Amino acid sequence: MTDPTILRLYGPGALDQLDPVCCPRFPIDRVVRLFARQLFTYRTQTDLRNWQTVAPTPDLATAVPSMYNAGTGASHTSYVVHLRPGAYWDSNPERPVTTQDVVRGFKRMGNPLRRSALLSCFTDTIRGMAQFCDDYAAAFAGAVPTGPELAEYQNSHDIPGLLVLDDETIVFELIRPALDFIDMLAMPCASPAPVEYDLFVPGSAELCRNIRSNGPYRPIDFTPGRELRLTRNPVWRAESDPVRRQQVEAVEVISEPVTAGEVAHRIRTDRADLAWGARIADPATPVEHHLGFALDPYLVFNTRSLNAAGALRKVQVRQAIAHAIDKSAIAVEIAALGDDPIIRIAGSVVPPNNDGHQDLHAYSTPDYRGDPATCAAMLAAAGHPGELRITAIHPATERARLVAHRYAADLAEAGITVESVELAESQCLDLLADPARAESGAWDIALASWSPAWLHSNGRVFLQPLLQSGSPANFGRYHNPEVDALIERALAAEDRESADAAWRKAERVALADAPIVPLLFQVPTTRESVGRRVRAAAMLPTHGLTVDLTTVRLDPPSTEPTVPPAG
């Protein structure tokens with residue numbers, strides 16, 4: 001019989017990483033929110049047209065710093081944050097969350113082994129953090145450090161822009177004003193970290209088995225790649241958490257390589273309550289909003305690869321490949337999956353409804369159908385006539401498999417032989433994050449996606465991570481000093497108009513180099529489907545309209561007959 005106290009999530013989503021500092025955003029951010037709190041976070045909303053939909057709100061902090069509460073100065077380059085009382089780690093004995101934990105979280109973000117994809121946003125904002133990260137990497141160059149060795153370095157080196165005044169008060173000093181800084185502090189990678197993490201390498205299996213919680217739930221059983229179980233955290237206090245709730249007794253996540261259709265059937269037959277890693281739309285609950293689209297998916301070129309005589313190092317070859325792809329066919333096949341998103345053909349890096357979006361189609365073909373003949377001619381002109389062989393990687397998901405098969409067929413028509421390599425999502429991300437394997441030519445083209453990390457004042461959230469030299473999310477190691485200078489100009493701009501102009505020019509210059517091929521923009525238009533016993537499931541707009549798991553209440557098991565399980 002179904003346990004009426006356990007919320008069950010089921011699907012094909014990755015389940016290999018629990019460390020907030022380096023875990024991918026989707027879908028694991030849904031459960032990270034249960035055990036890792038940040039200084040600021042986002043609330044659930046019913047009216048997505050309300051400005052508060054995308055505004056950060058205090059979490060561990062007592063208030064959003066402003067000039068009215070003496071939290072910021074006139075220069076907007078310092079932020080004073082006070083921690084609210086009553087937030088504790090589930091250690092033995094329980095221990096309060098302090099500003100030292102906040103500092104430890106930021107230092108862990110800069111570790112040289114598993115860095116956050118958003119690290120560049122912080123290093124270009126917090127005073128001295130870039131130098132701290134550079135020195136940290138240099139200290140362990142060529143080495144394989146242990147957790148305690150990493151902790152020893154962190155504990156003996158400071159980030160100048162993080163000033164601890166006492167256990168409850170910390171000051172952030174910035175290089176320049178940043179209107180999005182509070183949103184940055186709401187990211188999971190900016191979570192405080194307990195002292196227990198000093199024993200473990202960031203992102204390691206050992207750390208994931210020893211997660212400490214300051215949220216309403218805590219992990220008690222974790223089988224990487226397969227299963228996660230969380231139960232109520234006994235030291236969490238509702239009065240100290242203005243955002244989360246503790247409704248169900250436990251949360252169970254099961255990850256299996258199944259299709260979206262199989263997940264939907266499981267939800268319909270009351271064998272799961274919510275999907276994990278697959279969006280199952282509920283057409284009966286449309287949602288009106290103007291939230292930013294995601295760049296989902298896009299292709300990224302390994303600009304360091306020496307395969308095929310270094311073909312992908314050449315701009316002309318990358319441009320040629322961009323011409324070959326039938327984006328229209330990809331859009332049709334994605335739409336046939338029935339997720340009910342709005343789908344648009346992508347030509348720019350920044351999607352619609354995000355700051356700085358511009359309608360660009362640098363390598364457009366009639367009706368976006370692709371032009372293999374033009375691709376072949378461009379390849380010949382670039383010194384690669386005849387057959388070109390490349391290695392293309394994609395994550396082992398239903399969507400990625402479909403897109404990879406479609407574009408490989410397009411490239412084959414242009415005389416390009418694609419060796420498709422399917423990897424588990426975590427393996428795919430690990431490969432893309434490894435510069436040595438990029439240099440060695442372990443891959444040539446990869447399929448990826450990128451969603452906006454926050455939804456207002458977000459000019460940087462696509463261009464800086466994906467195109468800036470040295471960014472962990474710049475998987476293809478693209479480097480253009482002009483683009484880097486334009487990004488710096490945008491970040492240093494004193495007004496919105498100047499910043500937008502610099503962002504737009506950076507995007508145009510980068511697209512001329514074709515380091516990536518934008519394929520589609522997507523945004524959901526309905527609530528996600530939930531099981532029949534799910535009640536009070538509130539949406540998180542900043543998490544792609546997914547349900548906030550802390551709001552869910554469960555009805556007792558239904559006595560009505562259900563559709564028999566398939567098979």
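To be clear, the structure that these remarks concern was listed above.
The notes below deal with the structure included here. (Residues numbered from 1 in each chain as written. Predicted model: local features only at pLDDT ≥ 70, side-chain atom pairs only at ≥ 80, totals over all residues. Heavy atoms only, no water.)

Once that is clear, we can look at the packing of helix α17 (residues 481-492) against helix α18 (residues 496-513). At their nearest, the axes of α17 and α18 sit 8 Å apart, and the two run at 165 degrees to each other. Between α17 and α18, the angle falls in the class roughly antiparallel. α17 and α18 meet at a crossing whose hand is left-handed. On α18, the residues touching E482, V483, L486, I487, R489, A490 and L491 of α17 are A499, A502, W503, K505, A506, V509 and A510. Looking at the contact of α17 with α18, its residues break down into 11 nonpolar, no polar and three charged. (Axes fitted to C-alpha atoms, helices over the stretch in contact; angles between N-to-C directions. Helix = DSSP H or I, 4+ residues; strand = E, 2+ residues; numbered from the N terminus. Parallel < 35°, antiparallel > 145°, perpendicular 65-115°, else oblique. Left-handed = near helix turned anticlockwise from the far one by under 90°. Contact = heavy atoms within 4.5 Å. Nonpolar A, V, L, I, M, F, W, Y, C, P; charged D, E, K, R; others polar.)

The subject of this paragraph is the sheet that holds strand β10 (residues 227-232). Across the sheet, five strands lie side by side as β9-β10-β11-β1-β12; this open sheet has mixed pairing. Only two strands of the sheet have a single partner each, and these edge strands are β9 (217-223) and β12 (274-275). In this structure, β9 lies alongside β10, joined through six bridges in antiparallel fashion. Bridging across to β10, T223 finds its partner in E227. (Pairing = 2+ DSSP bridges.)

Enumeration according to the criterion identifies 33 salt bridges in this entry. For R229, the salt bridge is made with E252, and the minimal N-O distance between the two is 3.9 Å. Residue R229 is located in strand β10, and its partner E252 is located in strand β11 (residues 250-255); the two are separated by 23 residues in the primary sequence. Classification of R229 by relative accessible area gives partly exposed; the value is 24%. Note that D500 and R496 form a salt bridge whose closest N and O atoms lie 3.3 Å from each other. Placement of both D500 and R496 in helix α18 is noted, with a separation of four residues, approximately one turn of the helix. One network of salt bridges, in which partners are shared, links R37, D59, D241 and R244. (Salt bridge = Lys/Arg side-chain N within 4 Å of Asp/Glu carboxyl O. Buried < 20%, exposed > 50% of the residue type's maximum accessible area, 1.4 Å probe, protein only.)

The final tally for this structure, using the stated rule, is nine aromatic pairs. When the ring of F172 is compared with that of F181, the centres are 5.5 Å apart and the planes differ by 70 degrees; the resulting orientation is edge-to-face. Using a relative accessible area of 0% as the deciding quantity, one classes F181 as buried. By the ring-pair criterion, three or more aromatic residues cluster together here, those being Y79, F106, F122, F172 and F181. Positioned above the aromatic ring of Y10, the side-chain terminus of R266 is 3.9 Å from the ring centre. (Phe/Tyr/Trp six-rings, centres within 6.5 Å; stacked < 30°, edge-to-face > 60°. Lys NZ or Arg CZ within 6 Å of the ring centre and 35° of its normal.)

Here eight bridges tie strand β16 (residues 388-395) to strand β17 (residues 416-423), and the two strands are oriented parallel to one another. By the bridge assignment for β17, I393 is matched with V421. Considered for its hand, the β-α-β crossover made up of β16, helix α13 (residues 398-413) and β17 is right-handed. (Right-handed = clockwise from strand over helix to strand, strands pointing away.)

This part takes up the environment of S451. By secondary structure assignment, the location of S451 is in the loop between β18 (445-450) and α16 (460-467). Judged by relative accessible area, S451 falls into the partly exposed class, the value being 34%. Considered as a pair, S451 and V317 are 134 residues apart in the sequence and their alpha carbons are 27 Å apart. Aside from chain neighbours lying at most four places away, what touches S451 is R25, A294 and F462.

Turning our eyes to something else, we now look at the side chain of T57. Of note, T57 is situated in strand β3 (residues 57-58). Ignoring any residue separated from it by four or fewer positions in sequence, one finds T57 in contact with F40, T41, Y42, R43 and V243.

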